[in-house]
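Listed below are the residues making up each chain.
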Amino acid sequence: MKYVTCVVLCAAIAGLSGCATLQETLEQLFAPEAPAPTEPGQADLPPARESTPITVRDNGPFRGELASVEEKILEIVNAERATQGLPALIPSTALAVVARDHSTDMGQRSFYSHVDPDGVTPNDRITAALGDRYYLSGTSENIAYTESSRGFTYEEYTAIANQLMTGWMNSPGHRANILRPDSTHIGIGLHRSGNRIYATQKFMNYIVAKDHTHDSINLSQDTPALRFALNPGRELSRSRLVVRISLPDPSTRWETPGGRFYTGMMFAQPTWIDDTTFEITLPVEYGPGTYRVHFGDRGGNRTNTTAFPYRVVRQ
């Protein structure tokens, strides 16, 4: 009797997706071709939709085995990147939670897709979970599941990471996500449901992360400095960091020291604490309202359209 394990793969990049399927017998993996993904560049992430709450289970006696598979996948991912001269991805606990939640959701609600039954996309999930802290500039996602007609023995758990990674690396779309030069962080999450194991890889790149908890500023009190930290996974020089602030009144004119005018916006000069940490102070002299802080990493005056909002009030 021949036991057959089916492995199904799917990849998404900044809202684009393409799926591939492969079947693994005891003798051979057959990997079909999948279209190469479109380069997302500096992706502006849409507002996150609200997802149906799920109950995240630890898979009881399987959690230890699944955690070891996740660790092995990370090891293989970074080994593959090293062969291409790419830096290792930094494991992110926060990303791993997002990945594991999606694998759990697929298992509990019996669907297999980047988009859940409520219409929540990969960008929605990562923005809802991390968008209030990280200034995201690109995300991508790989998913897969493997199932066995006889269940999984302990020995087979040790082979699952290799099976999944072989499938992903044999598919152009998934391989591109794993070897994407501008990705800096990864989260991996697995979930077992019956004789099926779901796997999700989440990749991200960000420019800065918040190092403060201020969302609202009272004009009757001292204006706090807003602290941020550069992404340690990307080489970003101080001279290329751009900070733009959208002002509450879009008709406000701001003049640069060189005599140039901007309407409804201004550029801020960071105060550097060390090589990676800096502070900015909102120009609250422009009055109450919502200030939006944008960042860019290409020098000049170019920034992304996404922003960290801050509400300035007078009480």
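Residues numbered from 1 in each chain as written. Predicted model: local features only at pLDDT ≥ 70, side-chain atom pairs only at ≥ 80, totals over all residues. Heavy atoms only, no water.

1. A few points about the overall build of the protein
If you tally the helices and strands in the protein, you get 5 helices and 17 strands. The proportion of buried residues among the 315 residues of the protein is 50%. A sequence separation of at least 24 residues applies to 70% of the contacts in the protein between residues at least 6 apart. With the model as given, the accessible surface of the protein reaches about 14900 Å², and the carbon-plus-sulfur share is 49%. (Helix = DSSP H or I, 4+ residues; strand = E, 2+ residues; numbered from the N terminus. Buried < 20%, exposed > 50% of the residue type's maximum accessible area, 1.4 Å probe, protein only. Contact = heavy atoms within 4.5 Å. Areas by Shrake-Rupley, 256 points an atom, 1.4 Å probe, with all protein chains shown as cover.)

2. Focus on the confidence of the model for the protein
Of all residues in the protein, 78% attain a pLDDT of 70 or more, and the chain-wide mean is 80. Below a pLDDT of 50 lies the segment residues 1-6, which in the model reaches 18 contacts outside its immediate sequence neighbourhood of four places, other chains included. Here residues 15-61 is modelled with pLDDT under 50, and outside its nearest four sequence neighbours on either side it reaches 108 contacts, counting other chains as well. (pLDDT = per-residue confidence, 0-100.)

3. Points about the side chain of Asn78
On the secondary structure map, Asn78 appears in helix H1 (residues 63-83). A distance of 2.7 Å separates a polar side-chain atom of Asn78 from the backbone nitrogen of Leu89. Residues within four places of Asn78 in sequence aside, it is in contact with Ala88 and Leu89. (Polar contact = N/O pair within 3.5 Å; in protein donor to acceptor, adjacent residues only side chain to side chain.)

4. Topic: the packing of aromatic side chains
According to the stated counting rule, one finds 14 aromatic pairs in the structure shown. Here Tyr134 and Tyr206 contribute two aromatic rings whose centre-to-centre distance is 4.7 Å and whose plane-to-plane angle is 65 degrees, an arrangement assigned as edge-to-face. With a gap of 72 residues between them, Tyr134 in strand S5 (residues 134-148) and Tyr206 in strand S7 (residues 196-210) connect regions that are remote in the sequence. Overall, Tyr134 belongs to the buried group, its relative accessible area being 13%. The exposure class assigned to Tyr206 is buried, which follows from its relative accessible area of 6%. Where Phe228 meets Phe295, the ring centres are 5.1 Å apart and the plane angle is 65 degrees; that geometry is what we call edge-to-face. With Phe228 in strand S9 (residues 226-230) and Phe295 in strand S16 (residues 289-296), this residue pair connects regions lying 67 residues apart in the sequence. Of the two residues examined, Phe228 and Phe295, each falls in the buried class. (Phe/Tyr/Trp six-rings, centres within 6.5 Å; stacked < 30°, edge-to-face > 60°.)

5. Examining the packing of helix H2 (residues 93-109) against helix H3 (residues 122-130)
Helices that pack against each other are described as a pair by the angle of their axes relative to one another and the distance between those axes. Put simply, H2 and H3 touch, their axes get as near as 10 Å, and they point 135 degrees apart. It follows that H2 is oblique to H3 by the angle criterion. The crossing of H2 and H3 is right-handed. Contact residues: H2 offers Ala94, Leu95, Val98 and His102, while H3 offers Arg125, Ile126, Ala129 and Leu130. A per-class count over the contact of H2 with H3 returns 6 nonpolar, 1 polar and 1 charged. (Axes fitted to C-alpha atoms, helices over the stretch in contact; angles between N-to-C directions. Parallel < 35°, antiparallel > 145°, perpendicular 65-115°, else oblique. Left-handed = near helix turned anticlockwise from the far one by under 90°. Nonpolar A, V, L, I, M, F, W, Y, C, P; charged D, E, K, R; others polar.)

6. Side note on the sheet that holds strand S8 (residues 216-218)
Judged by pairing direction, the sheet is mixed, and its 5 strands sit side by side in the order S8-S17-S16-S10-S13 without closing on themselves. Single-partner strands in this sheet number two, and they are S8 and strand S13 (265-267). Each adjacent strand pair in this sheet contributes to an overall mean axis angle of 25 degrees, direction not counted. The pairing of S8 with strand S17 (residues 308-313) spans 3 bridges and is classified as parallel. The residue bridging Asn218 from the neighbouring strand is Val313, located in S17. (Pairing = 2+ DSSP bridges.)

7. Digging into the pairing of S17
Residue alternation in S17 divides its side chains into a buried set, Phe308, Tyr310 and Val312, and an unburied set, Pro309, Arg311 and Val313. With 5 bridges joining them, S16 and S17 adopt antiparallel strand pairing. Considered in S17, the bridge of Gly289 is made with Val312.

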